[in-house]
Structure formats: structure tokens, C-alpha cells
Amino acid sequence: MINLHRSNRLEELFSVLSEKIQKAPAGGSPFDPETIVVQSRSMEDWLKMELSRHQGICANIEFPFPNPLVKQVYEAIDGRSEDAKWPSQGQLVWRLVERIDKDIDQPVYKSIASYLDDDASGVKRFQLAKKIAYLFDQYSHFRPEMVTKWDTAPSDDWQAALWNSTISASGIAHPAIMARRIQEAIKSDTIDLEKLPRRISLFGIHSLSPLYLEIIETLSEHIEVHLFLLSPCREYPLDTSGGAQPESTANGQSEDSGAIASGTSNSLLFSLGRLGREFQLLLEKNQQYENNGPDLFVDPSEKTTLATLQSDLLNLRNRGREKGDNPPQKIREDDNSVCIHSCHSPMREVEVLHDQLLDLLEKDSSLEPRDIVVMLPSLATYAPYIEAVFGAQQENKASLPFSISDVSAEDKAPVVEAFLRVLELGSTRTTVEEVLGILDSAAARDRFGLSTKNIDTIEDWIAESGIRWGIDAEHRKELDQPAFDNNSWRFGLDRMLLGAALPSGETGLWEGWLPCKITEGTASSLLGNLSWYCETLFDLYRDLGQLHTPAQWQELLLRILKELCSTEGEYSQQHQVVRNAIYKLGNHAREAGFDKKISLDIIRSFFSDRLQKLKTSPGRMGRGITFCSMVPMRSIPFRVICLMGMNDSDYPKPARTPGFDLLQKYPETGDRTLREEDRYCFLEALLSARDKLLITYCGQGIRNNKKLPPSVVVSELLDALDEGFD
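> Can you help me understand the overall build of the protein chain in this one?
Each helix and strand in the protein chain was counted, giving 29 helices and 14 strands. Its C-alpha atoms give the protein chain principal-axis dimensions of about 100 × 70 × 50 Å. Per-residue burial over the protein chain gives 52% buried out of 726 residues. Taking contacts inside the protein chain between residues at least 6 apart in sequence as the whole, the part at least 24 apart equals 77%. Approximately 33000 Å² of the protein chain is accessible, and the part contributed by carbon and sulfur atoms is 47%. Separation of charge centres in the protein chain, based on 80 positive and 108 negative side chains, amounts to 1 Å.

> Looking at this structure, how should I read the sheet that holds strand β7 (residues 224-230)?
Spatially, β3-β2-β6-β7-β1-β8 is the arrangement adopted by the six strands of the open sheet, whose pairing is parallel. Strands with a single pairing partner mark the edges of an open sheet, and in this sheet they are β3 (61-62) and β8 (289-290). Of the strand pairs in this sheet, strand β6 (residues 199-203) and β7 are connected by five bridges, and their pairing is parallel. Each bridged residue has a counterpart across the sheet, and for Arg-199 the counterpart in β7 is Glu-224.

> Just checking my understanding: could you explain helix α13 (residues 305-315) for this structure?
Residues spaced three or four apart along an α-helix point in a common direction, a consequence of the helix completing one turn every 3.6 residues. Of all the eleven residues making up α13, ten are buried; the element is thus mostly covered by neighbouring parts of the structure. Looking only at α13, the buried set comprises Thr-305, Leu-306, Ala-307, Thr-308, Leu-309, Gln-310, Ser-311, Asp-312, Leu-313 and Leu-314. Among the structural elements, α11 (267-272), β9 (338-343), α28 (674-688), β14 (689-698) and α29 (712-724) are those in contact with the buried residues of α13. One or two steps after α13, the chain reaches Leu-316, where phi turns positive at roughly 55°.

> Teacher, can you tell me more about helix α1 (residues 10-21) here?
With twelve residues, α1 should cover 16 Å at 1.5 Å per step; its first-to-last C-alpha distance of 16 Å lies within 8% of that length. Buried residues of α1: Leu-10, Leu-13, Phe-14, Val-16, Leu-17, Ser-18 and Ile-21, and no others.

> Got a minute to help me understand the pairing of β7 in this structure?
Of all seven residues in β7, six are buried; the element is thus mostly enclosed. Relative to β7, strand β1 (residues 2-7) is paired through six bridges, and the arrangement is parallel. Residue pairing across strands places Asn-3 opposite His-226, the latter belonging to β7. Assessed by its sense of winding, the connection that carries the chain from β6 through helix α10 (residues 210-219) to β7 is right-handed.

> For this particular structure, what's the right way to read the pattern of salt bridges?
Any two side chains of opposite charge can pair, given that their charged atoms come close. Tallying each qualifying case throughout the model produces 42 salt bridges. Between Arg-370 and Glu-368 there is a salt bridge, and its shortest N-O distance comes to 3.1 Å. A relative accessible area of 54% places Arg-370 in the exposed class. Glu-677 is the salt-bridge partner of Arg-634, the closest N and O atoms lying 3.3 Å from each other. Here the residue Arg-634 occupies a position in the loop between β12 (625-629) and β13 (638-643), and Glu-677 occupies one in helix α28, the gap between them amounting to 43 residues. Residue classification places Arg-634 among the buried positions, given a relative accessible area of 11%. Residues joined in a network through salt bridges with shared partners are Asp-101, Asp-119, Arg-125 and Lys-596.

> Just checking my understanding: could you explain the sheet that holds strand β11 (residues 402-404) for this structure?
Neighbouring strands of a sheet are bound in pairs by backbone hydrogen bonds; such pairs are parallel or else antiparallel. Here we have six strands laid out as an open sheet, ordered β9-β14-β13-β10-β12-β11, and parallel in their pairing. The open sheet has two free edges, formed respectively by β9 and β11, since each of these has just one partner strand. Sheet twist, expressed as the average angle between the axes of neighbouring strands with direction ignored, equals 15°. Bridge count between strand β10 (residues 372-376) and β13: four bridges; the pairing is parallel. Note that in β13 the partner of Ile-372 across the bridge is Val-640. Across the face of the sheet, helix α14 (residues 346-363) comes into contact with β9, β10, β12, β13 and β14 while running at roughly 155° to β14.

> For this particular structure, what's the right way to read the packing of aromatic side chains?
In this description, a pair of aromatic rings is defined by centroid distance and the angle of the planes. Within this structure, the stated rule accounts for 19 aromatic pairs. Residues Phe-203 and Phe-228 carry aromatic rings whose centres are separated by 5.6 Å and whose planes lie at 45° to one another, so their mutual orientation is tilted. Here the residue Phe-203 occupies a position in strand β6, and Phe-228 occupies one in strand β7, the gap between them amounting to 25 residues. The exposure classification of Phe-203 matches that of Phe-228, with both residues buried. Directly above the aromatic system of Phe-65 lies the positively charged group of Arg-41, at a separation of 4.1 Å from the ring centroid. Directly above the ring of Trp-469 sits Arg-429, whose terminal nitrogen or CZ lies 4.2 Å from the centroid.

> Help me out: how do you make sense of the nonpolar core in this one?
Generally speaking, a soluble globular protein has its nonpolar side chains buried in company with each other. Residues Phe-419, Leu-557 and Phe-607 are the most contacted members of the largest nonpolar core, which totals 95 residues. No other element matches helix α23 (residues 522-544), which puts eleven residues into this core. When residues no more than four places from it in sequence are discounted, the contact partners of Phe-419 are Leu-557, Ile-560, Leu-561, Val-578, Ile-582, Phe-607 and Leu-611.

> Would you explain the environment of Ser-531 in this entry?
Secondary-structure assignment places Ser-531 in helix α23. Ser-531 sits in the buried class, given a relative accessible area of 14%. Residues Ser-531 and Leu-162 lie 369 residues apart in sequence; the distance between their C-alpha atoms is 51 Å.

> What should I look at first to understand a negative patch on the surface in this one?
The grouping of Glu-322, Asp-719, Asp-722 and Glu-723 at the surface amounts to a negative patch. Tracing the sequence through the fold places Asp-719 in helix α29.

> Would you take a moment to explain the state of the cysteines for this structure?
Each disulfide consists of a covalent bond between the sulfur atoms of two cysteine residues. Taken as a whole, this structure holds zero disulfides when the rule is applied. Left without a disulfide partner, Cys-343 is nearest to the cysteine sulfur of Cys-698, which lies 6.9 Å away. Its sulfur unpaired, Cys-681 is 9.2 Å from the next cysteine sulfur, which belongs to Cys-628. A relative accessible area of 2% places Cys-681 in the buried class.

> Just checking my understanding: could you explain the pairing of β14 for this structure?
Looking along a regular strand, one sees side chains alternate from face to face of the sheet. Within β14, eight of the ten residues are buried, which leaves the element mostly enclosed by the surrounding structure. Here six bridges tie β9 to β14, and the two strands are oriented parallel to one another. Paired with Cys-343 across the bridge in β14 is Cys-698. Bridge analysis of β13 against β14 gives five bridges, and the strand direction is parallel. Paired with Phe-638 across the strands is Ala-689, a residue of β14.

Rules used in this analysis
Residues numbered from 1 in each chain as written. Predicted model: local features only at pLDDT ≥ 70, side-chain atom pairs only at ≥ 80, totals over all residues. Heavy atoms only, no water. Helix = DSSP H or I, 4+ residues; strand = E, 2+ residues; numbered from the N terminus. Buried < 20%, exposed > 50% of the residue type's maximum accessible area, 1.4 Å probe, protein only. Contact = heavy atoms within 4.5 Å. Areas by Shrake-Rupley, 256 points an atom, 1.4 Å probe, with all protein chains shown as cover. Lys, Arg positive; Asp, Glu negative; His and termini not counted. Charge placed at Lys NZ, Arg CZ, Asp CG, Glu CD. Pairing = 2+ DSSP bridges. Expected span 1.5 Å × (residues − 1). Right-handed = clockwise from strand over helix to strand, strands pointing away. Salt bridge = Lys/Arg side-chain N within 4 Å of Asp/Glu carboxyl O. Axes fitted to C-alpha atoms, helices over the stretch in contact; angles between N-to-C directions. Phe/Tyr/Trp six-rings, centres within 6.5 Å; stacked < 30°, edge-to-face > 60°. Lys NZ or Arg CZ within 6 Å of the ring centre and 35° of its normal. Core = buried A, V, L, I, M, F, W, Y, C linked by side-chain atoms within 4.5 Å. Patch = residues over 30% accessible without salt bridge, like charges linked within 9 Å, V, L, I, M, F, W, Y side chains within 5 Å. Disulfide = S-S within 2.5 Å.

Spelled out as C-alpha cells, the structure:
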């Protein structure tokens, strides 16, 4: 049985966890590593810091994600057949691309064949394969019965046929097969429990797929399993609208005992808490848990607006002016525990936030910058403004220590910026703006000994030499344009070099060429660096325009990285980020057995997506005030939680799913959608703020002062405040 611990305070859950792990599990040794399953590295960081603070040390503890834990359990099965492992999505993409190429003419694929008719570059095929790979992974976790049926009896549906020919025919042990074998092995006692942890604690996990939950439930019959669940309300949140309820919970309480909510509802919980309700329903489905521990719920009282909102969620109270509602509460004049600011621009939002935090820190000497987190739906948009406002040294204003975590590598790393710009250049006419645009990256400038001041001089030379576009006559011919050198890069560079080589004062024609005036001395050195940069870039440009196998692309891309970007200082770590992505491309294709030639468009699509997902410091707590996206710090308690950029168009994020997504077409309990994830994340932020919740959004147009709506979740909070408080 799973030992379920529920609370509206993560600190209370941590206290129980800390107490549990101080004692070795039954049959275990104090030297056995403890296993705590988490869903983010920030939760791991928080647990390590809290354990160190309470116990003096945090050591010999493993923090796996759910997926590696399930793989560890699968590998402990005795006599397990050596099936091909479930491939990563990157590897599965290449398998699908190859299979689609082979089978596209079959009648079952008629619907996607018409979509791929005009796909000369192959990029549409690659992007389609990426979407299918993601959906296949989701199907295997959320529709195990469906994919198991596809293994043996594929239907006329093209997805079933593609699954059968790509997954089933290859003998791959997908998650649905792994789960079935794990359950069979546990029931038949053919699993080596010595290879598994003696105790497993799942902490801060707000939901699991039904497949993984069944594995955990089966595992709990032989291993001590604890599930620490952050829950907004004391009662089981199965149906806060007063609808039908399960007959009883696992500890024997019926709906008449008050263990399950009925009738009374909190509007915010009903609107935002669907994800939590459905996860509880999954737990109730098999009732493989017990809840015999102490009551861990803490009523924050009704001293402030924030505490009252949290207390109402806990006790399922609905404040309002309708009959049956709890009466509205009077807000004290000094109560600023919930503040919502409507601003004219992102810059103004950051300035308001800065002033508010300075005021808070000045008035409360016990509050420290590390007690504050700022979460944003669109961190990349706001990062430059944060750097400008919080990083500026202003007179008569204190400087606040801060760190920006979870920023996309593309937005923060000059090496990544230069690398992606070179890939973009590969299909252009090499205009002045496109070629010099690469030098906007400090990593590219440093590689060729150039500075920002040098760029101004170079731009003057280019204008005087008459460069417009095209490398040379041959390049223009390749672009189906007249083959002439005038106003090309070769034409302009030759004029510059001629001007530097001729004696000073020579301004006339020399063998039919008009030299470009270049001052002697340091300018000649600068011209040499410019020529070095152009020759290196144009040499790589020629190769970018050709088709290559993934292995050949790997070699070329590593060459681009080495020859165009500096490796000195902080750039070395950024180089490693890009190198890892390049190796992923080659390794995934090789493991999938894909060796066909592909275009630059596919490579560009791969790295644009891959490097946007890579983070500079993914969800880690930094020094001072931490700025991060919404997900990494979710449910972690802070004294002050700020939500910035809560605009209607940015949050919740729109769920853009393909029309052939069977999860969306036939939804079931436990399915996860992006909008519901975002809504529940907002609820967790409301629960996790201890002293203050500060929200900002762009509520007025900066040009016309037109009123703009906030995020729908902020609107719902405003409605709750308007109805429940005077």
C-alpha cells in the first residue's frame, strides 16, 4: 500500500519526510541510499538545503525522476528478455522519418501523403515525425491498452499502422509493455528486489500518468512507498461542484463522514484545481493507499487577504454575496498581502516590481532577497528588462542581488546565438546585414579579434566599397541570378585589400580596379581580421548548401563551431552545450539506423528547437532574488512570490496540438493538458506564498492606453477578491 501524506504546506510534508528517512526501512541498512523521486531539479535543490538545515548534512540520497525509476524497476526483472529499449524521442523521430519515406505510398497513409506532397526540403516530414514521436510517447503512457492493441491488430488508422511498422515490428519494449511485465514479475515474484531501493518517497509530484501510478501501486506491495502530495484542501478534492462521489476512500471513510467534498465549493479551487482532482480520482480507482498518519493540514487563519484565500481553499469556503456563501471579509488598510499591478509595458512591470521589493525589504528587516522568487510565463521577453533595472547601479537606490535562472541557451549564450545565425545564413543571399549580423555575437567577434567599435569602421568600409549581396559571381549564378562580381563581397574585399596595399595617396584606377581608401597602420590589421572572417564564413557557407548524412552534418557543424566561435573563458561551457546538441543529432540518427542525406532546413529545424529547450541554469535557485519560468519553482514555498507578465495572451499557454491527437479527441481522466497544467501551477503559487503574492501584467496599451485583460487566472482571482472582500 502507498503511504499517502497530504498537506497544504510543503514544509509539513518535508517534516514527515525528514523524520522517515532518519530511520532505515525494514530489512534495510543505514548505508543504503535513500530514494526521493522528484519532478524538477529545483525541488531537489530545495530538499537538499532543507535536509542540510534540519539534519546538518544531506548525503547518500538519490533524486531520480519517475521515468528513470521505472526503468530501474524494469531492469530488475529476472530473466528479462533483451528487447530493444524504448527509444528517446530524438531517436524515434529518425525511425519515423525513415518509415514514412518507405511507406508513404501505401493507401493507409493517404491523408499525410497529401500534406507532404510539396515537401522538397524534407522539413515538413521531419516536423511531422517530431509531433508523431511526441504523441507516440504520450500514447504509451496514457493509452497503454490502445497501443497494446496496435501491437497485435493494427487498424486502418494511419497512426496504428505507423506504430505497428515502427515500434511493434522492431520488438521494442515500450512503456506499456514494460508496465505489464513489471506487474507480472512482481505478482509472480520474479523480480530481484535487492536491485531496488528499500524505500521510495515521491515528493512534490502533483500528478503521475495512470500507467506509472499503477506500477508504483504494485511496487508498494513489496517496498515501502510514501507519496507526499501538496493538496489545497483538507477534504478529498474529487468533485467540489457537488456531483457524484466515490462510495468510500481507501481508509474506509464514506462521503457522509465528510472526507469527500460535496455540495460546498470554492470557486477558485473548482476552476483551477482540475489536475489535482483527477489525480485523486486515479488514486481512488484502485484504492491502493492508506492515510493513517497525523493531520498535516495547517489553517493559515484569516489575518490577511492571502491567508484568508488559502484558508478558504483549505476548508472549501466560498465567500460572496449570494445566499449560502460565507460573508465577505473586511480588508485592513495596512493589508497588502495580495497586490495586483496593471502596467503599460514589460519595462514598467519590472520597475514596479523593483520598487515594491525595495519597499518590502526596507520595512521588514527579517526578509532577505533569497526569500523572494519571481516567476514569469515568458522569461525570455522580460530578461533584458530585468538585467536593465535590477542590474543598474542607481544613485540613492540599493542594489538587489538577483539571478535569472531557466533562460533559454539561445537567449543567453553568444556561442549559441552565433551558431544559429550561421545556420540561418546558409539559405540567404549573404547580404551585408546577414553577414555582419553574426558579428553581433561577442563569441564571433572575439574569435576574429574584433570589437563593437571595429564594426562601425567595417560598416563604413563596406558602404564605400559598394558591397550589397552575394559572395561572388559564381554564388549569384547558383541563386539563378546574373553572374557578375560587381557589388559582391569578393568585389568589395578586393577593393579594400587593394586600397591597403597601394602606397598612400594612390586613388586612381589600378589595372581597371578602383581601390577603396584604407588608412595604413592598425586599419590594415583590422582589414586582415575582416578578410579572415569572411573567407572562413564563405568557405563554410558553400558546404551548408549541400545535402549531407547526419554523420557528415555532425562533422561540418563541429567545424562551424570551432572556426567561427571563440572558446576562451565562459565561451567554453557554451561550446559544450552546442557540442552536446550536435552529438545528439549524430547519435540519435546512428542508433536509429538513419543514414540518408538531409537538407540544411532539417538541421536548422532540429537545432532551433533543441537549443531553445536547453537552459543556462535549468530551474536552479540562484543567489538573492530568483527569476525563473513558471514550472521549475512550482509548489516550493517562499515568503514572497511574484508573478510577472501575467498577460491574457501569455498565460495559460494555448494548447497547440495537432488535429490527429487521439488524447485530445478522446479525453480520459488523468490526461494532462498544457492549459490545465498552467492553471494548477497558478493555484500552487497561491498556496506557496507565505507573506505576499505580487502579480503584474500589461493592462494598458503603451501607445493608445487601450485597456488590456490580464490572464484568465488573474481575472478569476480578481473576481474572488471582489466577491469575497470589502
